[in-house]
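What follows is each chain in one-letter form.
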Amino acid sequence: MKACAVCSAIDFSRYCTDWQGNTYDRCDSCGFVRQAAAAKVDYQSVSWQMTVDPDGKPRNLLAEREKKLRDWYGGVVGFLEKGKFARVLDIGCGPGFMLSAVKGAVEKHGIELNQECAAYIKANVPEIEVKQVYLEKAGYPDRYFDAVVLYHVIEHLDDPASVLEEISRILDDRGTLVVGTPNMGSFCARRFKGNFRLLGSGHVGLFNKKNLVRLLEKNGFQVFRTEYPFFRTGYFNLQNLLRLFDCKKVSPPFWGSVMTLYAKKKVKK
Ligand SMILES: [Zn+2]
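Heads up: these notes are all about the structure in this document. For every chain, the first residue of the written sequence is number 1, and numbering continues from 1 along that sequence. Only residues with pLDDT of at least 70 are given local features in this predicted model, and only at 80 or more are side-chain atom pairs given and counted; all residues enter the totals for whole chains, interfaces and linings. To obtain the side-chain values, all non-hydrogen atoms of the structure were used and water was disregarded.

**What to know about the nonpolar core**
So, point 1. Buried Ala, Val, Leu, Ile, Met, Phe, Trp, Tyr and Cys residues that are joined via side-chain atoms within 4.5 Å together make up what is termed a nonpolar core. Burial here depends on accessible area, computed with a 1.4 Å probe over protein chains only, as a share of the maximum for the residue type. Under 20% is buried, over 50% is exposed, and the range in between is partly exposed. Ranked by internal contacts, the top residues of the largest apolar core, which has 35 residues, are Leu89, Leu135, Ile154, Leu164, Ile167 and Leu177.
So, point 2. When residues of this core are traced back to their parent elements, those giving at least two are β6 (87–91), α5 (135–138), β9 (145–151), α6 (160–170), β10 (171–182), α8 (209–218) and β13 (258–265).
So, point 3. Apart from residues no more than four positions distant in its own chain, Leu135 is found in contact with Leu89, Ile91, Ile111, Tyr140, Val163, Glu166, Ile167 and Ile170.
So, point 4. Core analysis: the next-biggest nonpolar cluster, separate from the first, contains 24 residues, Tyr73, Val76, Phe79 and Ala101 among them. Helix numbers and strand numbers start at the N terminus; a helix is a DSSP run of H or I with at least 4 residues, a strand a run of E with at least 2. Note on definitions: a residue-residue contact is assigned when non-hydrogen atoms from the two residues lie within 4.5 Å.

And the structure:
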C-alpha cells in the first residue's frame, strides 16, 4: 500500500466513485483523497482546441482567454503585478494566458508539457520562455525565481512533495509560491461527493486546506494568504445557484470549490 503523500499514513478508506467512474480513497489520518487506480496522466491527450467540459458542453479553450482571465485566475495576475517580481515561473502554464496578462517588465517563464499549448505560446506569446519538459529536468539555477505559480497542477501529480522540493530549490529565499487547486473541504465537494465537478480522470490527488497547508509546511513553505475565487467571476449567477439543490447532477461552480494559497519560503536561521 502506497503511503499518504501528505502524512505518510498507510490506512485509506473508500471515499467515492466520481461522475466519470473513477474511484477515490481517503487517508484516514489527514483526509487527503487520491484515485484508487490512477492512470499515468497523459498531458498530450487534453486538446485545448476542442474539449468537452463537465457539463457536457463542447469548448475551444484556446478561444477563451478573456473568460479564463476573468473567471479562473482570481487574484493571481494582480498579485504578480503588484509584487514587481523580476522573474516569474508558471508551471503547467497552458497556452500562457495568465503570464501574458501580467503587465510590467517581468521575465516570464513557463513549463508546459502539452505540445499544442507549447506551440501556441511560441507562435503567439513570444515573451514567455516556454520549456516542454518536466520541472525536475528544466535545470533552472538555485533561487532563480521570485515567484513560482503552480495553478491547478498539484492535483495531477503523483509525487507532489518532490515537485515542491524542486520549487523550493529554484525559488529565492524571499520568493512566493502560489498554489491553486480544488478544495475537498468545500461545500460542494462535501455535498456532491462523486458529483463534485472537480473530480475527474486527471485529478489523482486532492486536498483540503488543512492538509495542503501541512504538505507545504513539511516542504519548507509558510502560507500567508488564502483566496476562494468565485464572487467576482461569471460563474456567480442564479442558474448556478439553483443547481446547488440537485446533487444527482454534476455540481455547479461555487464559492470555496477552488482555493489559492500564497506561501513564502521558511528561511532557515
Ligand atoms: Zn494522510
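**Section: the pairing of strand β1 (residues 12–17)**
So, point 1. Strands pair, by our definition, only if DSSP identifies at least two bridges between them. Bridging between β1 and strand β2 (residues 23–27) involves 5 bridges; their strand directions are antiparallel. In the strand pairing of β2, Cys16 is matched with Tyr24.

**A short note on the packing of aromatic side chains**
So, point 1. Geometry of aromatic contacts follows a simple scheme: Phe, Tyr and Trp rings, the Trp one being its six-membered ring, pair when their centres are within 6.5 Å, and the pair is stacked under 30 degrees between planes, edge-to-face over 60, tilted otherwise. A complete count under the given rule lists 12 aromatic pairs for this structure.
So, point 2. Geometrically, the ring pair formed by Phe224 and Tyr262 is tilted, given 6.3 Å between the ring centres and 55° between the ring planes. Of this pair, Phe224 sits in strand β12 (residues 221–227) while Tyr262 is found in strand β13, placing the two residues 38 residues apart along the sequence.
So, point 3. Through a chain of ring-to-ring contacts, three or more aromatic side chains come together here, namely Phe79, Phe85, Phe224 and Tyr262.

The values reported here are purely geometric and, on their own, carry no functional implication.
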